[in-house]
Amino acid sequence: MSSSNGEGAFKRPRPASPGNVFHTPEKRGSACRDPDSCRSHPRDWGIEQVCNFLRSSGFEDPELLRCFREKNIAGSSFLYLTESELEEMGIETGVRQNLLNCLSKLVQRHVDIMKVFNDPIHGHIEMHPLLVRIIDTPQFQRLRYIKQLGGCYYVFPGASHNRFEHSLGVSYLAGRLIRALQKRQPELDINQRDILCVQIAGLCHDLGHGPFSHMYDKRFIPRVCSGTEWKHEVASVKMFEYLIDSNDLRPVLEYYGLKLDKDIDFIKEQIAGPIKTENNSSSWPYRGRPEEKGFLYEIVANKTSGIDVDKWDYFARDCHHLGFKNTFDYVRFVKFARVCEFEKKKHICTRDKEAGNLYDMFHARNSLHRRAYQHKISNIIETMITDAFLKANQYISIKGSGGKTYNIATAREDMEAYTKLTDEIFLRILHSDQPELKEAREILCKIKRRDLYKYLGQTQPKEDMEITKVSKLLPEKFEEQQIRVYCKTADEDTICDAKKYFVQWCIDNNFTEPQDGDIVAPELTPMKPDWNVVKDEEKDGSKTNRRLLF
């Protein structure tokens, strides 16, 4: 993924003659009637420069100017004032609208220079300077070294993409959706602060992922810390706080108009949900934005419907790199998206005729899980990497804050140490000559030689499901539970015995017939009558073909 500075990319040719009426944005910005106020960017103005600009723009009421002085409205706050904030200041309706129009023109004259990234999925995407400041930190750059699909790369050669580019894509799509809503529904009062916060949340929502992405939080941590309900979203919030503090970005956030406490809370809540406090007894659990703007929490990570820009990006990006076709059209969803009130709460909704497109989205998710994310060989490899990490855990030393050392599991407790924990730990173990890491090293060597754990079969619990809702031709759920069993040894006798035990376990626990179970243990299958039912299409000997196509 390449990038270029927006200034060079969009430089205009010089005018052919002195009489040319076209001006660059910088020249238009210098056409202010008050030279003292326009020598710098409006964000750099002090309180008196703001007042000078107001007077030169026709707002000469002494009470109005006194109000701005008392509220200490300097440039960075002035530029992105909203109607609700002006109303809180006691400014009349007519004056408020004139002020907002004046501010809108001022912002247009001082457009931020964007940085352009060439993304293989979304094309040339523009990033706000504040987003670029976040991207250019060690904490965000760490995502370049964490595979998006973990062990899938060892099965699908194209799946080499990382969390870094996915995060850029989510931020871009978040901006695209919120701007579409802002343009389509001005009454929602979406402002520049809202847009920046939503884009920052999209950019930083995956900061907390560990080595090999979900392998770390779904496989490794539960085994090394049994009973721990730890999620990568928790670490994302901590890493975001550490990113802001260690890079001294609070003044930068303020410079671009963000309010530190309120907007930082809003960003964190979008990533990991409401911030729990002892005094949080209100029916509305969020602190960053009021209930009338609750729909903003449905853009990056939608806890209500599951329809969010995070999925849109990884559907498109993962399909591209895996070589699958992506059937979901997020562009069409954005076209039809509206904020509507349902049960006295505002939600992002779409047209009823878009139900088919949304079913395509959930079908795409199910298909990706079935064909790639839960691929039996990918799971075997991630299980082996997890085993290697477990054996190496206590012998790996990662230095964190204050010189304290952590291991693979505990590094997530200290963000300085966690910044250093990436997929690189695989090679660190593989290339180590420490005798303590011998067992872990041997497991990783087996992965390189493709000497993998053996697959014994899979089964699933029975579930009666009635098809209702939108259409009887469409499924109600796009998920299923499957239990797979693997064997670490390659000994044929042991594998045969293990398969028989697995079949017996399925019989005892009323699970479905495991794949190839009747072939492995024909003496057991008569004990389960419903496994022996021969369907009409199987009478002609097609049962074996059915199993191969499962």
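Refer to the structure above for everything that follows.
(A) Representation of helix H10 (residues 163-184) within the structure. Here H10 contains 22 residues, and its C-alpha end-to-end distance of 32 Å stays within 8% of the 32 Å for a straight helix at 1.5 Å per residue. Most of H10 is tucked away: 17 of the 22 residues are buried.

(B) Looking closely at the packing of helix H12 (residues 214-224) against helix H19 (residues 376-392). Closest axis-to-axis distance for the H12/H19 pair is 10 Å, and the angle between their directions is 45 degrees. Of the possible angle classes, the one that applies to H12 and H19 is oblique. The handedness of the crossing between H12 and H19 comes out as right-handed. Where H12 abuts H19, its residues Met215, Arg219, Phe220, Arg223 and Val224 lie against Asn379, Glu382, Thr383, Ile385, Thr386, Asp387, Phe389 and Leu390. The residue makeup of the contact of H12 with H19, split by class, is six nonpolar, three polar and four charged.

(C) Geometry of helix H3 (residues 47-56). Every buried residue of H3 is accounted for by Val50, Cys51, Phe53, Leu54 and Ser56. On its buried side, H3 packs onto helix H4 (62-70), helix H5 (75-78) and helix H7 (93-109). Where H3 ends, the next residue or the one after it, glycine 58, has phi of about 100 degrees, a positive value.

(D) How the structure looks around the side chain of lysine 147. Relative to the elements of secondary structure, lysine 147 occurs in the loop between helix H9 (138-141) and H10. Buried and unpaired, lysine 147 has no salt bridge, with aspartate 423 as the nearest side chain of opposite charge at 4.9 Å. Non-local contacts of lysine 147, meaning those with residues more than four positions away in its chain, are made with Tyr153, Ala159, Ser160, His161, Asn162, Arg163, Phe212, Ser213 and Asp423.

(E) Quick peek at a negative patch on the surface. There is a patch of like negative charges on the surface, built from Asp491, Glu492, Asp493 and Asp497. Take aspartate 497: it is sitting in helix H23 (residues 492-508).

(F) The arrangement of the pattern of salt bridges in detail. Scanning the model with the defined rule gives 23 salt bridges in all. The salt bridge involving glutamate 48 is made with arginine 69; its shortest N-O contact spans 2.8 Å. On the criterion of sequence distance, the pair formed by glutamate 48 in helix H3 and arginine 69 in helix H4 is long-range, its members being 21 residues apart. Under the relative-accessibility criterion, glutamate 48 is labelled partly exposed at 41%. Across the pair lysine 311 and aspartate 308 runs a salt bridge whose closest N-O atoms are separated by 3.3 Å.

(G) Local environment of the pairing of strand E3 (residues 123-127). Examined bridge by bridge, strand E2 (residues 115-119) and E3 share five bridges and lie antiparallel to one another. Opposite lysine 115, over in E3, you have methionine 127 as the bridge partner. Where E2 hands over to E3, the hairpin turn is made up of three residues, counted between the paired strands.

(H) Examining the nonpolar core more closely. Grouped together as the largest cluster of nonpolar side chains are 113 residues, with contacts concentrated most on Ile299 and Trp312. Here this core gets ten residues from one element, more than from any other, and that element is H10. Cys51, Phe53, Leu65 and Leu86 belong to the second largest nonpolar core, which has 23 residues in total.

Parameters at a glance
Residues numbered from 1 in each chain as written. Predicted model: local features only at pLDDT ≥ 70, side-chain atom pairs only at ≥ 80, totals over all residues. Heavy atoms only, no water. Helix = DSSP H or I, 4+ residues; strand = E, 2+ residues; numbered from the N terminus. Expected span 1.5 Å × (residues − 1). Buried < 20%, exposed > 50% of the residue type's maximum accessible area, 1.4 Å probe, protein only. Axes fitted to C-alpha atoms, helices over the stretch in contact; angles between N-to-C directions. Parallel < 35°, antiparallel > 145°, perpendicular 65-115°, else oblique. Left-handed = near helix turned anticlockwise from the far one by under 90°. Contact = heavy atoms within 4.5 Å. Nonpolar A, V, L, I, M, F, W, Y, C, P; charged D, E, K, R; others polar. Lys, Arg positive; Asp, Glu negative; His and termini not counted. Salt bridge = Lys/Arg side-chain N within 4 Å of Asp/Glu carboxyl O. Patch = residues over 30% accessible without salt bridge, like charges linked within 9 Å, V, L, I, M, F, W, Y side chains within 5 Å. Areas by Shrake-Rupley, 256 points an atom, 1.4 Å probe, with all protein chains shown as cover. Charge placed at Lys NZ, Arg CZ, Asp CG, Glu CD. Pairing = 2+ DSSP bridges. Core = buried A, V, L, I, M, F, W, Y, C linked by side-chain atoms within 4.5 Å.

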